[in-house]
Amino acid sequence: MAPVVRFAPSPTGFLHIGNARTALFNALFARREGGTFVLRLDDTDTARSTPEFAAAIAEDLAWLGIAPDRAVRQSDRVGLYDAAADRLRASGRLYPAYETPDELERRRRRQLGRGQPPVYDRAALRLTDAERAALEAEGRRPHWRFRLDPGTVTWTDLVRGPCHVEAESLSDPVLVREDGSYLYTLPSVVDDAEMGITHVIRGEDHVTNTAVQIQIFAALGAPVPVFAHHNLLTTASGEGLSKRLGHLSLRGLRTDGYEPGAVASLAVLTGSAEAVRAVADLDELAGLLDLAHVSRAPAKFDPHDLDQLNARLVHEMPPAVAAPRLAQLGIPAAAAEAFWLAVRANLTKLADAAAWWTVVAGPVTPAIAEPGFAAQAAELLPAEPWDAGTWKAWGEAVKARTGLKGKALFLPLRLSLTGLDHGPDLSGLLPLIGRERALRRLRGEAA
């Protein structure tokens, strides 16, 4: 059976590179196995979910190259959750509880003070009908908890191997709030069952949730999917990622000029047995994804790694791929290929090319340290047309005239032509600068 996987973000903020890791693991797994990738927006939190964030999620996935085979919103599926909740109530697995948050917190503190685990004591199950009626007469509205069966919940995780959780170590989870809205857990199970999700690939922060959800699947008579809980990305200092870290949001990384292939490569390969390297093609990246080889340790990444991966992709980018984006920077199509081949090895981001086009087209204020040297160099400028060999031939002529060589020869020429002491090989730039601009710059003019 072809796998069906899902990425289920909450549209309450922008996706960050850690979210991209989960999205890519699912999308690439489906791509490699010939399966289906579902985008499921967990938007039941109506107070925080917005259409703007939902649209941003779709845009960010498209930027990464991920096209969902199906997209759904949980807010459109509440009737399914109502029906499931009614079934659980009828079977006695979903029961009303009336404690306030303050009461629960005081109870938790007492348990901790006695050296007991802070697990819900199921006091609500001991209420009589009269006591429940009295609480409701006070104006209390119940939240609804799922009654966990005792015992060990086991599963074989595609990342972590054999896993188990003792149900007695967990509180009966709240599935329905006092206002009738649903927390994450029940809609997730209902949707996984209804959509035929075969593999749930998500972060390791959901491991404990898995024990609860396996019991809910069983209570609803639904098949249990295969689980895979990958390690989480952290910053180099070990800080967890969140939507508050705007500089690590996919939107922020895109605005900063990073290539989607660099972001995807770092998100997928960090914390795996594969060496982190730049992979521009998602099919190739899918071939490198092996859930069994994902480490159990936190996956630390350094933004400097992203710069290195990005630079590698830019250096290898063919002129035909770069040309449309160079046009957006104002670089004419006639010069795009020659210019790109001349400068790409000096770029970290494609947008950096704009600065080097200014060096070509001007205006550039030359740095003339020795006017006499510059004048001799100007006299020796060969006639056009120029090609990749012009720079070397001109340099040899200036060397013969002045007796200078090495850095003493080429640095003053570079400073005169570009105003900079560094940059791309001038054998590629000089023909683009052209003889007229080169002469003016050698004469100390801004051109």
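Every value quoted in this text rests on a predicted model; they were computed, and no experiment measured them.

### Details of the pairing of strand β9 (residues 199–203)
- Within β9, five of the five residues are buried, which leaves it mostly tucked inside the rest of the structure.
- Here β9 pairs with strand β10 (residues 226–230) via five bridges, running parallel. Looking at the pairing, Arg202 lines up with His229 of β10.
- For the segment spanning β9, helix α7 (residues 207–219) and β10, crossover handedness is right-handed.

### Side note on the sheet that holds strand β4 (residues 94–97)
- Within the open sheet, the three strands sit side by side as β4-β5-β8. Their pairing is antiparallel. Sheet topology places β4 and β8 (174–176) at the edges, where each strand pairs with a single neighbour. Strand-to-strand twist in this sheet, taken as the mean axis angle between neighbours without regard to direction, amounts to 45°.
- Two strands pair when backbone bridges link them, and β4 and strand β5 (residues 143–146) are joined in this way by four bridges, in the antiparallel orientation. Looking across to β5, one finds that Ala97 is bridged to His143.
- Those strands touched by helix α3 (residues 78–90) are β4, β5 and β8, and its axis lies near 90° from that of β4.

### Structural notes on the nonpolar core
- Core analysis: the largest hydrophobic core is formed by 50 residues, its most contacted members being Ile17, Leu24, Val263 and Leu285.
- Where this core is concerned, the elements lending two or more residues are β1 (4–7), α1 (17–33), β2 (36–41), α2 (51–64), α8 (250–255), α9 (260–269), α10 (282–288) and α11 (303–316).
- In terms of residues, this core owes the most to one element, α1, which gives nine residues.
- If we skip the residues at most four places from it in the chain, Leu24 touches Phe29, Leu64, Ile66, Ala264, Ala267, Val268 and Leu282.

### Remarks on the pattern of salt bridges
- Enumeration according to the criterion identifies 26 salt bridges in this entry.
- Put simply, Arg107 and Asp121 hold a salt bridge, and the shortest N to O gap is 3.0 Å. Here Arg107 is found in helix α4 (residues 101–113), whereas its partner Asp121 is found in the loop between α4 and α5 (129–137), with 14 residues between them in sequence.
- Accessibility expressed as a relative area gives 18% for Arg107, which makes it buried.
- Among the charged side chains, a salt-bridge network with shared partners connects Arg6, Arg40, Arg77, Asp191, Asp192 and Glu194.

### A short note on α2
- An ideal rise of 1.5 Å per residue puts 20 Å on 14 residues; α2 measures up with 20 Å between its terminal C-alpha atoms.
- Those residues of α2 that fall on the buried side of the exposure criterion are Ala54, Ala56, Ile57, Asp60, Leu61, Trp63 and Leu64.
- Following α2 by one or two positions, Gly65 has its phi on the positive side, about 95°.

### Description of the side chain of His230
- Counting through the fold element by element, His230 comes out in strand β10.
- Here Thr22 takes part through its side chain, which lies 2.8 Å from a polar atom of the side chain of His230.

### Things to note about the packing of aromatic side chains
- All chains considered together, the criterion is met by five aromatic pairs.
- Residues Trp391 and Trp394 carry aromatic rings whose centres are separated by 5.9 Å and whose planes lie at 65° to one another, so their mutual orientation is edge-to-face. Of the two residues, Trp391 and Trp394 both sit in helix α16 (residues 390–402), three residues apart, roughly one turn of that helix.
- Look at Trp391 and you get buried, because its relative accessible area is 11%.
- Considering the side-chain rings of Trp391 and Phe410, the 5.5 Å spacing of their centres and the 50° angle between planes classify their relative orientation as tilted. Placement of Trp391 in helix α16 and of Phe410 in helix α17 (residues 407–418) is noted, with a sequence separation of 19 residues between them.
- Take Phe410: its relative accessible area is 33%, and that puts it in the partly exposed class.
- Directly above the aromatic system of Trp144 lies the positively charged group of Arg89, at a separation of 4.3 Å from the ring centroid.

### A look at the packing of α17 against helix α18 (residues 426–433)
- Running from amino to carboxyl end, α17 crosses α18 at an angle of 35°, the nearest separation of the two axes being 12 Å. Considering the relative orientation of α17 and α18, their crossing is left-handed. Each of Arg414, Leu417 and Thr418 in α17 lies in contact with α18, whose residues at this interface are Leu426, Leu430 and Ile433.
- Looking at the contact of α17 with α18 residue by residue, the class counts come to four nonpolar, one polar and one charged.

### Looking at the sheet that holds β1
- One open sheet holds the three strands; their spatial order is β1-β2-β3, and the pairing between them is parallel. Only two strands of the sheet have a single partner each, and these edge strands are β1 and β3 (70–73). Ignoring strand direction, the axes of neighbouring strands in this sheet form an average angle of 25°.
- Pairing between β1 and β2: four bridges, direction parallel. Across the sheet, residue Val4 finds its bridge partner in β2, namely Thr36.

Thresholds, definitions, all that
Residues numbered from 1 in each chain as written. Predicted model: local features only at pLDDT ≥ 70, side-chain atom pairs only at ≥ 80, totals over all residues. Heavy atoms only, no water. Buried < 20%, exposed > 50% of the residue type's maximum accessible area, 1.4 Å probe, protein only. Helix = DSSP H or I, 4+ residues; strand = E, 2+ residues; numbered from the N terminus. Pairing = 2+ DSSP bridges. Right-handed = clockwise from strand over helix to strand, strands pointing away. Axes fitted to C-alpha atoms, helices over the stretch in contact; angles between N-to-C directions. Contact = heavy atoms within 4.5 Å. Core = buried A, V, L, I, M, F, W, Y, C linked by side-chain atoms within 4.5 Å. Salt bridge = Lys/Arg side-chain N within 4 Å of Asp/Glu carboxyl O. Expected span 1.5 Å × (residues − 1). Polar contact = N/O pair within 3.5 Å; in protein donor to acceptor, adjacent residues only side chain to side chain. Phe/Tyr/Trp six-rings, centres within 6.5 Å; stacked < 30°, edge-to-face > 60°. Lys NZ or Arg CZ within 6 Å of the ring centre and 35° of its normal. Left-handed = near helix turned anticlockwise from the far one by under 90°. Nonpolar A, V, L, I, M, F, W, Y, C, P; charged D, E, K, R; others polar.

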